[in-house]
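# Residue-level structural notes
The primary structure of each chain is shown beneath.
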Amino acid sequence: MLRRFPLLLVFFALLAACGPVWNDPYPASEQGRNIMYSAFTDRPKHLDPVQSYSEDEATFLYQIYEPPLQYHYLKRPYTLVPGSAATMPLVRRYDESGRELPENAPASQVARSVYEIRIRPGILYQPHPALAREADGSLRYASLSAADLQSVRSLADFAEAGTRELEAGDFVHQIKRLAHPRLHSPIFELIAEYLPGLKTLQKTLAEEVSRSSDALDLERHAIPGIEIVDRYTYRITLKGAYPQFLYWLSMPFFAPVPPEADRFYGQPGMAERNLTLDWWPIGTGPYMLSENNPNARMVLARNPNFRGESFPCEGEPGDQEAGLLADCGKSMPFIDKVVFTREREGIPYWNKFLQGYYDASGVSSDNFDQAVTMTSQGEVSLSDEMRAQGIELLTSVSPSIFYLGFNMLDSVVGGGADAEGQARARKLRQAISVALDMDEFVSIFLNGRGVTAMHPIPPGIFGARDGEAGINPVVYEWRDGRAVRRSKEVARRLLAEAGYPDGRDAKTGEPLILNLDTTPGGLGDKSRSDWLAKQFRELGVQFVVRATDYNRFQDKIREGNAQLFFFGWNADYPDPENMLFLLHGAQAKVKESGQNSANYVNPEYDRLFERMKSMPDGAERQVVIDRMVAILQHDAPWIFGFHPKAYSLQHGWVMNRKTGSMVRNTLKYQRIDLERRSAARAEWNRPVVWPLVVVGLLALAAIAPAFVHYRRRERATALGGGR
Amino acid sequence: MFAYVLRRLLYALPILIGVNLVTFGLFFVVNSPDDMARMQLGVKRVTPEAIERWKAERGYDRPLFFNGAVHGSAQVMDTIFFQKSLKMFSFDFGRADDGRDIAQEIRDRMGPSLALALPTFVLGLVASVSLALILVFFRASYLDFWGVVLCVAMMSISSLFYIIGGQWLVSKLWALVPISGYAPGLDATRFLVLPVAISVIAGVGSSARWYRTIFLEEISRDYVRTARAKGLSERVVLFRHVLKNAMIPILTGVVVVIPLLFMGSLLVESFFGIPGLGSYTIDAINAQDFAVVRAMVFIGSVLYIVGLILTDISYTLVDPRVRLE
């Protein structure tokens, strides 16, 4: 032990040589550099812009690719502004006879909509070997042999990288990629509904794939409905009216991909080396992926060819006071490199944030009490400990909803085919909606991090109303200027009207049993299911939790075998259509394999939905939405659960962060006060050496008697009694 | 010995086929190819057509074990089981469902796993054996008594407590080493010192107790009495004679785990952010990635068999009486 002591001393001397801070997890070469440090928990599955559809992936992808449009960083409600497009798309609508229609023409008259998109000239791709060229202009790495690839393990192994100007054809190429049969784009079916040319193309490509395993050359194929007007302009012709298409144009599904990239990655031997577009994106955005090890860390480096963009000078009220306009007009991005480290566990992630090694962090249930305090009025504020460290709290309501759905095909909660049964079932659903106190649920199980939902539309999205007009009158009443949940007595009365007085069938006397289908980790968890059972017990209803694995749960939902289930939806874009379609009859899960898991069908609602989805935001649309919401509140196919609240913490040295789940290309706007960060890290992480001395002394104290004992024993004679 | 090893390797073949069969059966009892497709394609806006295309592309549109739609040997060969299993015996693991090459992924993750597991194994073994010998040296004294109490206490505490406590104390409070992370090369040392120390401390209690029992059994044998009668010191008796003769039971437990070291440690790697193989299988099970699950179970089985053969060979090295025939 004593002999190992010098080794320990050498080790700590080495640590001391690292600088005043010993526990810095980053290389010494990165000290003081303009780098942002962040963490990720789940590895991204796809980085190909036609495949990627999850938030984990969006964190990276939205910084690399530049779709034609983007959301304004500061303005709320969310506003679309040009991204790689020079201006907002020019939209023209035509009727069946080809006559151009005015902007406010009813959707029913629109036979086709033409989107003309003009992109900014002079945008360059990030440096990439796929774009490297020989002196004669031919592609440098377009026909690589097995020998050429022998020593290649990553993109950095290619000696040369090149770039070229972004063209309209690159956007068209990416739209063709949506139809690629090997890429399985999740939005293919949806977009093909409006762009039938995609289906035609996919059929042709699928035939080609079945004949040959070679990489597809999309350049050889045209796509009906898409037209390249000139080097910087392209046109998309959609069937009918689909105003939400503009939102899709702000997603990487419609970002440009150069055909050279597919040619480069499609060469034999590339995929075996994990060299694919799914792993190594190529974009025109402010950052490029310079390191991709999703098991350890991913690094975004500033794209040296980025076109440059100025920080916005307008925002919503309060942004000026919050200092969010201080960088108005300055060139972005501000940060040179963003290092994402994989943290599988919350505890090290949280501790490293507190040490200053992560610039921002979420707030999990484990550290909620340490980070946040609740006032007696239910308002949240930072704890004193966080305040002392200069940490700031940002909160926002996510454009999501979690709900308890009733399967309308179930005879008990759906009511069957006859009108009387349906009316009784509606009363039953209303009774349960009143009885399940979601305010209490949010308070107990989410630490208050949620807003009780009154209908499917989250706050901040057009159609959601505040105040008295925004409450669910079946469940709440407006009293003293606030929404007050109706009493359990109301629920009991509704239950009796449904034919279940005191929770028993009025005809048979049998107890009413309701089954919740759930997955482990969902509502099936003991404490939550106990809470739910208690709520039902107060009505005299028996409640059974049928927990099953995720696959079987999905099967039950798909086949309509569930009764009551817990589900959620995260909006793709800030339009009420993207929430209200979840209850549209044409989306019924069992019949149409759609997203309407409750299998709710109401002809009036469906009619209104068809009308509403193509309307521009305004008073007329609001009236239609109000009626749709009223239908849903009356029919109660869901117990509108809650809209989760996102809590985010950041250190005081992080500038320009603004919450808003729809805006995902946020990194270019953020700035770091490097001096402040370095000073804070040094102050918070001074090594404490004295415990090592104490440990050493304790070890000596433990060894000493043993050593004495040993010496005595070794010197003892057989008869001496040394034992 | 060569014939023995060859025979054992041949015995391994039916074992590996059996393991593969069981893995395949268990996996597809829980997950259907449709479930796998849905997991890969995401839960939003997945259509039945997309699922069918995904399955066809990856060969999951065939029957599992028996293809009644064809004739002859194709009835067995044109099945998911046959198509997915055959290449594995040539160590061609193919690609994961996310498109990554499995062999490459294993190679990338093996280094960090070994960087953590090897020092933990060696230091843990040295510490446990040394502590056990010291306890035996001081047997029946208060040092032995309190040493055993300490061992029992140490083995009773959850390893999670050591990890979280160690991170909090050493990295957070004393700020001596990084809480988590990893860097290649020599720089890895500062990331590994804490997880290695914690792993050794967490494991030393149970190991030392086990070795102490072995040594105590050994110390009552005649040859020990003879050694003492020759006038050898207790230290020499223990470290030279008892340790050598207690090697067989120690090797039985130790050598077999050596090849498995590279499979990594799920808990320690997760908490310390070490990008090793520890979580690869668990991640694959969660992602319903059969290709990775199958490959990792296969590799685990192969390594276990290799470990057992190495154990047998090691017996011949420490005990000349053992012959492999």
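Residues numbered from 1 in each chain as written. Chains lettered and ligands numbered in written order. Predicted model: local features only at pLDDT ≥ 70, side-chain atom pairs only at ≥ 80, totals over all residues. Heavy atoms only, no water.

## Describing the overall build of chain B
The criterion, for reference: Helix and strand definitions follow DSSP, with helices as H or I runs of at least four residues and strands as E runs of at least two, each counted in order from the N terminus. With the radius of gyration taken over C-alpha atoms, the globule rule is written as 2.2 Å times the number of residues to the power 0.38. Classification of residues uses two cut-offs on accessible area relative to the type maximum, computed with a 1.4 Å probe and protein chains only: under 20% is buried, over 50% is exposed, and between them is partly exposed. The Shrake-Rupley method, run with a 1.4 Å probe, gives the accessible areas here. Residue values count only the displayed protein chains as cover.
A count of helical and extended segments in chain B gives 15 helices and zero strands. Against the compact-globule benchmark of 20 Å for 325 residues, chain B has a radius of gyration of 25 Å, which places it well outside the compact range. On the principal axes, the C-alpha backbone points of chain B span a range of 80 × 60 × 35 Å. Of all 325 residues assigned to chain B, the portion counted as buried reaches 49%. For chain B, the accessible surface area stands at approximately 15,100 Å², while carbon and sulfur atoms represent 69% of it.

## Some thoughts on the pairing of strand E25 (residues 638-650) of chain A
Residue and element names in this part refer to chain A. Worth spelling out the cut-off: In this analysis, strands are considered paired if DSSP registers two or more bridges between them.
Within E25, eleven of the 13 residues are buried, which leaves it mostly tucked inside the rest of the structure. Sheet topology places strand E14 (residues 360-362) next to E25; three bridges connect them, and they run antiparallel. Looking at the pairing, Ala360 lines up with Gln650 of E25. Alignment of strand E17 (residues 392-397) against E25, held across six bridges, turns out to be antiparallel. Along E25, the bridge assignment pairs Leu393 with Leu649. The pairing of strand E18 (residues 400-406) with E25 spans four bridges and is classified as antiparallel. Note that in E25 the partner of Gly405 across the bridge is Trp638. By the bridge criterion, three bridges tie strand E19 (residues 450-452) to E25 in an arrangement that is antiparallel.

## Some thoughts on the domain arrangement of chain B
Residue and element names in this part refer to chain B. Formally: In this document the domain limits rely on a domain assignment from an automatic tool or a database. Summed over both partners, buried area is the accessible surface (1.4 Å probe) that two parts give up on being assembled. Counted as salt bridges are all cases of a side-chain nitrogen of Lys or Arg within 4 Å of a carboxyl oxygen of Asp or Glu. Here a polar contact is recorded for every N or O atom pair within 3.5 Å, except that within protein the pair must consist of a potential hydrogen donor and a potential acceptor, and residues adjacent in sequence are included only if both atoms are side-chain atoms. Nonpolar residues are Ala, Val, Leu, Ile, Met, Phe, Trp, Tyr, Cys and Pro. Charged residues are Asp, Glu, Lys and Arg, and all others, Gly as well, are polar.
What the domain assignment lists for chain B is domain 1 (2-90) and domain 2 (105-324). Once you take the C-alpha centre of each, domain 1 and domain 2 turn out to be 36 Å apart. Here domain 1 meets domain 2 over a buried area of about 1,800 Å², counting both sides, of which 75% is carbon and sulfur. On the surface where domain 1 and domain 2 come into contact, there are one salt bridge. Between Asp312 and Arg8 there is a salt bridge whose closest N-O contact spans 2.4 Å. In this structure, the connection of domain 1 to domain 2 is made through three residue pairs in polar contact (both at pLDDT 80 or more). Elements represented by at least two residues in the side of domain 1 that touches domain 2 include exactly helix H1 (2-30) and helix H2 (33-41). Per-element accounting of the side of domain 1 that touches domain 2 gives the leading share, 13 residues, to H1. Split by residue class, the side of domain 1 that touches domain 2 holds 15 nonpolar, four polar and three charged.

## A few points about the environment of Leu10 of chain B
With respect to the helices and strands, the residue Leu10 of chain B is situated in helix H1. Measuring from C-alpha to C-alpha, the distance between Leu10 of chain B and Phe271 of chain B comes to 40 Å, with 261 residues separating the pair along the chain.

## Topic: the sheet that holds strand E6 (residues 112-118) of chain A
Residues and elements named next belong to chain A. With antiparallel pairing, the five strands of this open sheet are ordered in space as E5-E4-E6-E8-E7. The two strands at the open ends of the sheet, each matched to only one other strand, are strand E5 (100-101) and strand E7 (226-230). Where E7 and strand E8 (residues 233-239) come together, four bridges link them in antiparallel fashion. Looking at E8, one finds that Ile226 is bridged to Ile236.

## Details of the interface of chain A and chain B
Put simply, the rule is: Note on contacts: a residue pair is in contact if any heavy atoms of the two residues lie within 4.5 Å.
Contacts between the two partners involve 68 residues from chain A and, on the opposite side, 63 residues from chain B. The contact between chain A and chain B buries some 5,700 Å² in all, and 51% of this surface belongs to carbon and sulfur atoms. Here chain A and chain B share five salt bridges between them. Inspection of the region where chain A meets chain B yields 24 residue pairs in polar contact (both at pLDDT 80 or more). Broken down by secondary-structure element, the contributors of at least two residues to the side of chain A that touches chain B are helix H1 (5-17), helix H4 (188-194), helix H8 (346-354), helix H16 (550-559), strand E24 (564-570) and helix H22 (690-715) of chain A. Broken down by element, the residue count for the side of chain A that touches chain B peaks at eight residues, all from H22 of chain A. Its residues assigned to classes, the side of chain A that touches chain B shows 30 nonpolar, 16 polar and 22 charged.

## Describing the packing of aromatic side chains
Basically, it comes down to this: Aromatic rings from Phe, Tyr and Trp, with only the six-membered ring used for Trp, were paired whenever their centres fell within 6.5 Å, and each pair was classed as stacked if the ring planes differed by under 30 degrees, edge-to-face if by over 60, and tilted otherwise. Charges are assigned to positions over rings by a cutoff of 6 Å between ring centre and Lys NZ or Arg CZ, combined with an angular limit of 35 degrees from the ring normal.
Per the stated rule, a full pass over the model turns up 57 aromatic pairs over all chains. Judged by centre distance (6.2 Å) and plane angle (75°), the rings of Tyr26 of chain A and Tyr357 of chain A are edge-to-face. Of this pair, Tyr26 of chain A sits in the loop between H1 and strand E1 (35-40) while Tyr357 of chain A sits in the loop between H8 and E14, and the two are 331 residues apart along the sequence. According to the relative accessible area criterion, Tyr26 of chain A is buried, its value standing at 6%. The rings of Phe24, Phe27, Phe28, Trp54, Tyr60, Phe65, Phe81 and Phe290 of chain B are connected pair by pair, giving a single aromatic cluster. Positioned above the aromatic ring of Tyr94 of chain A, the side-chain terminus of Arg112 of chain A is 4.4 Å from the ring centre.

## Quick notes on the pairing of strand E21 (residues 482-485) of chain A
The two faces of the sheet receive side chains in turn, since in a regular strand these alternate between them. Residues and elements named next belong to chain A. Relative to E21, strand E20 (residues 476-479) is paired through four bridges, and the arrangement is antiparallel. Looking at E21, one finds that Arg479 is bridged to Arg482. The antiparallel pairing of E20 with E21 creates a hairpin that spans two residues between the two strands, and Asp480 there sits at a positive phi of about 50°.

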